[in-house]
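# Observations on the three-dimensional arrangement
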Amino acid sequence: MATLFQKKLSEKCIEFSSKPGDLVFDPFMGMGTTAVAAKGTWRHFFGFEINKLLKPIIMQRLREKKLGQDYRTLTEIRKKIIENAKKKYPKAYEIYMKMQRERLI
């Protein structure tokens, strides 16, 4: 099965390169990670896999994923990025906040 890292990476790529309702194309589906991530973030998906043995696995993973269950608004994504930056880069966060305050004045 796809690792959590692969799933999250696919979701991030899809979130930042498309919007809900867009079509995501995966010419080499493998285990269907991209299709599952697309379905979970309100995207349509289309892809191919030549290994017929993987079809039941892909179909099962798609059945288990609810449409839109992983969807986050851009505001939520931005908030999470800022929270993580505050913890990981406190000095840079201070500078960012200072710039934000100056912009509002």
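Residues numbered from 1 in each chain as written. Predicted model: local features only at pLDDT ≥ 70, side-chain atom pairs only at ≥ 80, totals over all residues. Heavy atoms only, no water.

## Details of the overall build of the protein
- Counting its regular elements, the protein contains five helices and two strands.
- Along the protein, helices (α) and strands (β) appear in the sequence α-β-α-β-α-α-α when read from the amino end.
- A compact globule built from 105 residues would reach a C-alpha radius of gyration of about 13 Å, whereas the protein, at 18 Å, exceeds it by more than 25%.
- Seen along its three principal axes, the alpha-carbon backbone of the protein occupies a region of about 60 × 25 × 20 Å.
- If you take every contact in the protein between residues at least 6 apart in sequence, the share linking residues at least 24 apart comes to 53%.
- Surface summary for the protein: the accessible area is close to 8100 Å², and the carbon and sulfur share equals 65%.
- Across the protein, the 23 positively charged side chains and the 11 negatively charged ones have centroids separated by 2 Å. (Helix = DSSP H or I, 4+ residues; strand = E, 2+ residues; numbered from the N terminus. Rg over C-alpha atoms; globule rule 2.2 N^0.38 Å. Contact = heavy atoms within 4.5 Å. Areas by Shrake-Rupley, 256 points an atom, 1.4 Å probe, with all protein chains shown as cover. Lys, Arg positive; Asp, Glu negative; His and termini not counted. Charge placed at Lys NZ, Arg CZ, Asp CG, Glu CD.)

## Details of the packing of aromatic side chains
- Under the defined criterion, the tally for this structure stands at four aromatic pairs.
- Between Phe25 and Phe46 the ring centres are 5.8 Å apart and the planes differ by 25°, which places this aromatic pair in the stacked class. Separated by 21 residues along the polypeptide, Phe25 in strand β1 (residues 23–26) and Phe46 in strand β2 (residues 44–47) bring together distant segments of the chain.
- Between Phe25 and Phe48, the ring centres sit 5.9 Å apart and the planes meet at 80°, which makes this aromatic pair edge-to-face. With Phe25 in strand β1 and Phe48 in the loop between β2 and α3 (55–64), this residue pair connects regions lying 23 residues apart in the sequence.
- Taking relative accessible area as the criterion, Phe25 reaches 46% and is therefore assigned partly exposed.
- A residue is classified by how much of its surface remains accessible, and Phe48, at 45% relative accessible area, is partly exposed.
- An aromatic cluster of at least three residues, connected via ring pairs, comprises Phe25, Phe46 and Phe48. (Phe/Tyr/Trp six-rings, centres within 6.5 Å; stacked < 30°, edge-to-face > 60°. Buried < 20%, exposed > 50% of the residue type's maximum accessible area, 1.4 Å probe, protein only.)

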